[in-house]
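Analysis of the macromolecular model
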Amino acid sequence: MTAWPNLFHRPGHPDTGKPVLLGVAGLRLELEGKRILDGLDLELLSGEIHGLLGANGSGKSSLAYAIMGCEDYRPGAGEITFDGRRIDGLPMHERARLGITLAWQEPARFEGLAIRDYLRVANPKTDVESCLKRVGLDPDEYAARAVDKTLSGGERKRVELAAVLAMQPKLAILDEPTAGIDLLSLDALLAVIEALRAAGSTVLLITHQAEVAAHADRASQLCGGRIVCRGETASVLEHYRKRVCKRCDGRTCHV
Amino acid sequence: MSDFEPLYDLFATAGWTPPPIPEAAHVVAYGHRLASTQSLAGVRVEAEATDTGIEARITIAAGTRVAQPIHLCFGLYQQFGVQNVHLALTLEPRADATVWAHCLFATPLAARHAMQAEVVLMEGAVLRHQEAHYHGTSGDIQVIPHTRASLEKDARYLADFSLIRGRVGRLDIDYSVNVGEAAEAELTSRIYGFGSDAIRIREQLKLDGQGARGLVKTRVAVRDDARAEVLGMVEGNAAGARGHVDCMEIVRDRAEVSAVPEVRVRHPQAKVTHEAAIGSVDSRQLETLMARGLAPEEAVDLIVRGMLA
Ligand SMILES: Nc1ncnc2c1ncn2[C@@H]1O[C@H](COP(=O)(O)OP(=O)(O)O)[C@@H](O)[C@H]1O
Ligand SMILES: [Mg+2]
């Protein structure tokens, strides 16, 4: 496995002392009678890049949807606070207006909507050119194209990251940004994360790939509906790579 | 003969910018009154007003490439009125032209517009036909555009019908196109209905020639109590014929849509496919925009406008 340099780790910046931006406490989520999240606790510190690790099917995307406020992912119990206020009762667009956004694992396609206009949805004054350049798309070629099915999977994911950049959110939830048929290069992703950090955004970097999570400041591992390990990225990764966790009682927790 | 003022008023009412019509080849008629016609080199425009309507014939000479769009402007500026138009449009071999039809009915009350068009594209001719309608805001109008087109070898016909601002009233579109050898036809219609609008679309492509290609693409959005009935028919009647029917309809409130993509194949080497997506706005699309801060109604609007763009 390639060892990627950790560009974003800044020793000497102890995480303690930074305010909590997002707090998730005791979150329970059931989908079709199945318990997906089971008393999950998570804290994101303001300005950090936080890796959320977990095997496929462990509930990472479901957690992202619950934080964002998707209709079908209403938690049965627990609290979500953002910037010091409860948000679990708010509809999705109101959470977005507070500064939360989500880049979907498989973003939707829109017929007849130009990429330029898509990037301006959150902010009409968006500098479309610079956002597209950030994600490695040539504005001359892409700004006028539609966000429709003529884009490849990788192009669509880049557009999604550009749209997140355009929004300048307080919290960007990136769901498996490198996964997909047409792989988004890690370099492009790192450039986006760097730009988000520079703009003061907090990032929840969701991935099942240890080498992607390695770029986070801190990380949490999700298994069996709960966070089973949290803290410095290096130690969480060590735990994740062992492929077992306390919650799974010694059994393999990600396959 | 020049009489453009009412036309410019109609454009303004529809919220459109008028193109430079006087300089281009054109026919302008209000009701059954012919206001202006103009021919250009290679483009012969003849029209007359009869007791029963407007008779127009446009012929584009062989090999002529018409740089400027040809304008067909049909309007009613009185509240009550009837307009019948009969149009014969012929492109001789290898002629290449763009036609913009503007059908503007600003303040209709019990008005009716019927268009019967016969389009002939001879060998290798290319016609881009864009037809934009504005029917005002009363909904008390009936509009009946019927077209019969035939495409000879290697001809291309791209027809685009749009009615996306103001009310529809009662609309009854009927297009039928015979597509010859290696010729290509694309029919697109984009319509937004609301109130008690009633939309009927029947579009038929007969892929008769070897290697003929055709696409019927329909985009309809309806809300309130509007109704839409969409019938897209493609027949593959020859070897190598390729056709596709693509319907997308968004339905809100108490509105109702039925869409029937009908495909028929009469030759073992012909192939016709269809796709239809009918329903409310896709929830993933909606949530993607809401995650950027759009309220649900704003998100639906953007999705519908994109679909009709
Ligand atoms: N809408 C849904 N309805 C029912 N089950 C779902 C739904 N979404 C996800 N699940 C189930 O929840 C579990 C977690 O899925 P997901 O959150 O996508 O995991 P991850 O993102 O970690 O791969 C899986 O077992 C999945 O099948
Ligand atoms: Mg997932």
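This one's a predicted model, so the numbers in the text were calculated from it and none came from an experiment. (Residues numbered from 1 in each chain as written. Chains lettered and ligands numbered in written order. Predicted model: local features only at pLDDT ≥ 70, side-chain atom pairs only at ≥ 80, totals over all residues. Heavy atoms only, no water.)

With that settled, the discussion passes to unusual backbone geometry. All names here are of chain A. Of note, Asp83 is a non-glycine position whose phi angle comes to about 55 degrees, a positive value. Here Asp83 is to be found in the loop between β4 (77-82) and β5 (85-86). At Glu176, a residue that is not glycine, the phi angle is positive and equals roughly 45 degrees. Its location among the elements puts Glu176 in the loop between β7 (171-175) and α7 (186-198). (Helix = DSSP H or I, 4+ residues; strand = E, 2+ residues; numbered from the N terminus.)

Let us look at the interface of chain B and chain A. Taken together, the contact between chain B and chain A spans 22 residues of the former and 28 residues of the latter. Carbon and sulfur atoms make up 57% of the surface buried where chain B meets chain A, a total of about 1,900 Å² over both sides. Three residues, Arg284(B), Glu287(B) and Arg292(B), lead the burial of chain B against chain A; their summed loss comes to 36% of the area buried on that side. Here chain B and chain A share 4 salt bridges between them. With its nearest N and O atoms 3.3 Å apart, the salt bridge here joins Arg97(A) to Glu298(B). Summed over the shared surface of chain B and chain A, the result is 11 residue pairs in polar contact (both at pLDDT 80 or more). Of all the secondary-structure elements, those providing two or more residues to the side of chain B that touches chain A are β15 (213-222), α2 (283-290) and α3 (296-308) of chain B. Split into classes, the residues belonging to the side of chain B that touches chain A amount to 11 nonpolar, 4 polar and 7 charged. (Contact = heavy atoms within 4.5 Å. Buried area = accessible area lost by both parts, 1.4 Å probe. Salt bridge = Lys/Arg side-chain N within 4 Å of Asp/Glu carboxyl O. Polar contact = N/O pair within 3.5 Å; in protein donor to acceptor, adjacent residues only side chain to side chain. Nonpolar A, V, L, I, M, F, W, Y, C, P; charged D, E, K, R; others polar.)

A word on the sheet that holds strand β3 (residues 49-53) of chain A. Residue and element names in this part refer to chain A. Pairing within the open sheet is mixed, and its 6 strands lie in the order β6-β7-β8-β3-β9-β10. Both outer strands of the open sheet, β6 (100-103) and β10 (226-232), are each paired with one neighbouring strand and no more. For this sheet, the mean angle separating the axes of adjacent strands, direction not counted, is 20 degrees. Sheet contacts for helix α9 (residues 233-241): β3, β9 (218-223) and β10; angle to β10, the most-contacted strand, approximately 140 degrees. (Pairing = 2+ DSSP bridges. Axes fitted to C-alpha atoms, helices over the stretch in contact; angles between N-to-C directions.)

So, about the site of ligand 1. Residues and elements named next belong to chain A. Surrounding ligand 1, one finds 13 residues, the nearest of these being Lys34, Gly57, Lys60, Ser61 and Ser62. One of the side-chain nitrogen or oxygen atoms of Lys60 is found 2.9 Å away from an oxygen atom of ligand 1. Contact with the protein chains hides 69% of the accessible area of ligand 1, taken as 560 Å² for the molecule alone. The set of elements that each furnish at least two residues to the shell around ligand 1 consists of β2 (34-45) and α1 (60-68). Of all the elements, α1 adds the most residues to the shell around ligand 1, at 3 residues. The class makeup of the residues in the shell around ligand 1 is 4 nonpolar, 6 polar and 3 charged. (Near = heavy atom within 4 Å. Areas by Shrake-Rupley, 256 points an atom, 1.4 Å probe, with all protein chains shown as cover.)

Residue and element names in this part refer to chain A. Every protein donor of the magnesium ion (ligand 2) is accounted for by Ser61 (OG) and Gln105 (OE1), and the metal-donor separations fall at 2.1 to 2.4 Å. In this pair, Ser61 sits in helix α1 while Gln105 sits in the loop between β6 and α3 (115-119), placing the two residues 44 residues apart along the sequence. Judged by relative accessible area, Ser61 falls into the buried class, the value being 17%. (Donors = N, O, S within 2.8 Å, 3.2 Å for Na, K, Ca; no water. Buried < 20%, exposed > 50% of the residue type's maximum accessible area, 1.4 Å probe, protein only.)

This part is about the nonpolar core. If you look at the biggest cluster of nonpolar residues, it comprises 88 residues, and the most contacted ones within it are Leu119(A) and Leu174(A). Examining the composition of this core, we find that 8 residues originate from one element, helix α6 (residues 153-167) of chain A, more than from any other. Apart from residues no more than four positions distant in its own chain, Leu119(A) is found in contact with Thr126(A), Val128(A), Cys131(A), Leu132(A), Val159(A), Ala162(A), Ala163(A) and Ala166(A). By size, the runner-up hydrophobic cluster in this structure holds 72 residues, among which are Ala29(B), Ile141(B), Leu205(B) and Ala259(B). (Core = buried A, V, L, I, M, F, W, Y, C linked by side-chain atoms within 4.5 Å.)

For the rest of this paragraph, the subject is the sheet that holds strand β1 (residues 26-30) of chain B. Sheet strands line up and pair through hydrogen bonds in the backbone, either parallel or antiparallel. Residue and element names in this part refer to chain B. Across the sheet, 10 strands lie side by side as β2-β1-β5-β7-β9-β11-β13-β15-β17-β19; this open sheet has mixed pairing. In this open sheet, the two edge strands, each paired with only one partner strand, are β2 (33-38) and β19 (271-279). Recorded for the sheet is a direction-independent mean angle of 5 degrees between the axes of neighbouring strands. On top of the sheet, helix α1 (residues 5-14) reaches β1, β5 (70-76), β7 (96-105) and β9 (126-134); it is set at about 80 degrees to β7, its chief contact. On the sheet, α3 packs against β13 (184-193), β15 and β17 (242-251) and is oriented at approximately 155 degrees with respect to β15.

So, on to the packing of aromatic side chains. Summed over all chains, the structure comprises 8 aromatic pairs over all chains. Each ring, one from Phe110(A) and one from Tyr118(A), has its centre 5.6 Å from the other, and the planes form 35 degrees; the classification is tilted. One exposure class covers both Phe110(A) and Tyr118(A), and it is buried. Following the ring pairs from residue to residue traces out a cluster consisting of Tyr65(A), Tyr73(A) and Trp104(A). Here Arg167(B) stacks its cationic end above the ring of Phe194(B), 5.9 Å away from the centre of that ring. Note that Arg223(B) overlies the ring of Phe194(B), its terminal NZ or CZ placed 4.6 Å from the centroid. (Phe/Tyr/Trp six-rings, centres within 6.5 Å; stacked < 30°, edge-to-face > 60°. Lys NZ or Arg CZ within 6 Å of the ring centre and 35° of its normal.)

It is worth spelling out the pairing of strand β6 (residues 82-91) of chain B at this point. Residues and elements named next belong to chain B. With 7 bridges connecting them, strand β4 (residues 54-60) and β6 associate as parallel partners. Within the sheet, the bridge partner assigned to Arg57 lies in β6 and is Ala88. In the sheet, β6 pairs with strand β8 (residues 109-121) via 10 bridges, with the strands oriented parallel. Within the sheet, the bridge partner assigned to Leu91 lies in β8 and is Leu121.

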